[in-house]
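Listed here are the chains, written in short residue letters.
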Amino acid sequence: MILKITSIITFFVLISHSFSIAQVKHDYKWIIGYDTSSLDREGHAIVIDFNQSNNNIFNIATVDRFYMEGSNTSMSAEDGTLLFYSNGCYIVNAAHEIMENGDSINPGFFEQYYCWGGGSPWIQGVLALPAPDTDSIYYVFVADAQTTLQGIPDVFGVSVDHLYYNVIDISENNGLGKVIIKNQVAIRDTLSRGYIQATKHANGIDWWVVIPEYNSNCFYLVLLNKDGIQEPVKKCAGRIWSDYDGGAQAVFSPDGTKYVRMNGENGLNIYEFDNLTGDFSNPVVIDFSDHEFGLGGAAISSNSRYVYVSAYTKVFQFDLEAEDIAASRIKIAEWDGYRNPSPTIFYLAALAPDGKIYISSTSSTYNLHVIHNPDCPGLESNLEQHGVVLPSFNFATIPNMPHYRSEPVSTAACVTSTDEAASSKSDFELYPNPTDGFVTISTPQEGTLRLFDATGRLV
């Protein structure tokens, strides 16, 4: 390929290849929002449908008094068709009715005081997973709440005493599903307030389900394989977390090699994770000053390189491949003061199937923030404040789902320096560079070639 260049340009090149890969679409429909019947007489929640390139966003009439608050998960079939969703108190089927035997999945304190008029308030207090080696069985994990810590001096609130699991056979009731096993104990101990996460085992089939231990530096893991839930194991590493352990998120990198857990009190905690053994190692702790953090969240880019921390009025990016991760911190956004009607400050974050990261706010608003290019460094990540307009209120929540894709999801080109381009091993050549005449580009692979000048403008 030979191009005629009419001015002196230094090129920055991105080659993207098209692959025909059968994608699993278990996370292609997000359910957020809540029953707004007290405001508009029509009970509405919100669906974000990633099956379409422009992400169709629309309302649904759902269960009376339905509320997505802290706990939020959903499950779609492999083709992206919605199967069910849960707020940590009950399971709702695709007809937007409580699934048969899907009520009362969080017995105890929440069932008595929260679930009658909403959902579980624990951030990441519920998580749905497909069972290995079957297309009809699904698991829903739930963190409960007990009162064992009330009345003890210097200890905050209630504790989680159980990680429960429920088993769904989606083939029942003509595809609307039925809970066939209910309120079974996967882990019994004093656990953290939420932070249920999962990642694929090294075999690419089974799942590791992880929840931290309360007031500890330890984690409980249960392996979900074709034989069901296995006995929990306990792994310890890093900082001992204080009692103030809520209000934020934990997340695995899409490639399963990193685990991140953070909140304002205990900082950003980064671990290497061995998805064969379940071991956590090489912990890195990054603290935040009091003035820059309240509630917050975390998400990792699809290339597993950048972790984004939404710290109330700021969003930071850290490079997980940097020699000094703390020193790689870049502030990519500061809240612009917008309200709709409540302040659209930064709260919970999640990586979506389209490769973008979406961020909620702490109060009811009609917007989500979006990081359009999270695989890119610094301001190239392109955070758009209140860039997604919702058809009704969303209060704080964002879905809690595992990563179903370990490979990067290309969203846009990153401007790459000539030094980086020269040092990277590549199958293509571009010469001369810079030039004011002809340039030759040679590559043995088919794909899309995009050329940028020194200002980052697409040529």
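The preceding data block contains the structure.
To start, this report covers the structure provided alongside it. (Residues numbered from 1 in each chain as written. Predicted model: local features only at pLDDT ≥ 70, side-chain atom pairs only at ≥ 80, totals over all residues. Heavy atoms only, no water.)

1. Notes on the side chain of asparagine 166
Right, on to step 1. You can see asparagine 166 is positioned in strand β11 (residues 160–169).
Right, on to step 2. Among the polar contacts made by the side chain of asparagine 166, one reaches the main-chain amide nitrogen of asparagine 183 at a distance of 2.9 Å.
Right, on to step 3. Residues within four places of asparagine 166 in sequence aside, it is in contact with Ile105, Tyr138, Tyr139, Val140, Val142, Val179, Ile181, Lys182 and Asn183. (Helix = DSSP H or I, 4+ residues; strand = E, 2+ residues; numbered from the N terminus. Polar contact = N/O pair within 3.5 Å; in protein donor to acceptor, adjacent residues only side chain to side chain. Contact = heavy atoms within 4.5 Å.)

2. A short note on the state of the cysteines
Right, on to step 1. In this structure the tally under the stated criterion is three disulfides.
Right, on to step 2. At a sulfur-sulfur separation of 2.0 Å, the disulfide partner of cysteine 89 is cysteine 115. Taking the sign of the torsion about the S-S bond as the criterion, the disulfide between cysteine 89 and cysteine 115, at about -70 degrees, is left-handed. You can see cysteine 89 sitting in the loop between β7 (82–86) and β8 (91–93) and its partner cysteine 115 sitting in the loop between α2 (109–113) and β9 (126–130), a full 26 residues away along the chain. The residues cysteine 89 and cysteine 115 share a single accessibility class, namely buried.
Right, on to step 3. Note that cysteine 218 is cross-linked by a disulfide to cysteine 236, the S-S spacing being 1.9 Å. Across the disulfide from cysteine 218 to cysteine 236, rotation about the S-S bond amounts to roughly 100 degrees, and the bridge is consequently right-handed. (Disulfide = S-S within 2.5 Å. Buried < 20%, exposed > 50% of the residue type's maximum accessible area, 1.4 Å probe, protein only.)

3. Points about the nonpolar core
Right, on to step 1. Formed by 57 residues in total, the largest nonpolar core has its most connected members in Phe84, Tyr139, Phe141, Leu163 and Ile168.
Right, on to step 2. The greatest single-element share of this core, amounting to seven residues, is contributed by strand β10 (residues 137–143).
Right, on to step 3. Excluding residues that lie within four positions of it along the chain, tyrosine 139 makes contacts with Leu127, Ala128, Leu129, Ala131, Tyr165, Asn166, Val167, Leu224, Gly228 and Ile229.
Right, on to step 4. Ranked by size, the runner-up nonpolar core spans 31 residues in total, among them Val210, Trp241, Ala311 and Leu320. (Core = buried A, V, L, I, M, F, W, Y, C linked by side-chain atoms within 4.5 Å.)

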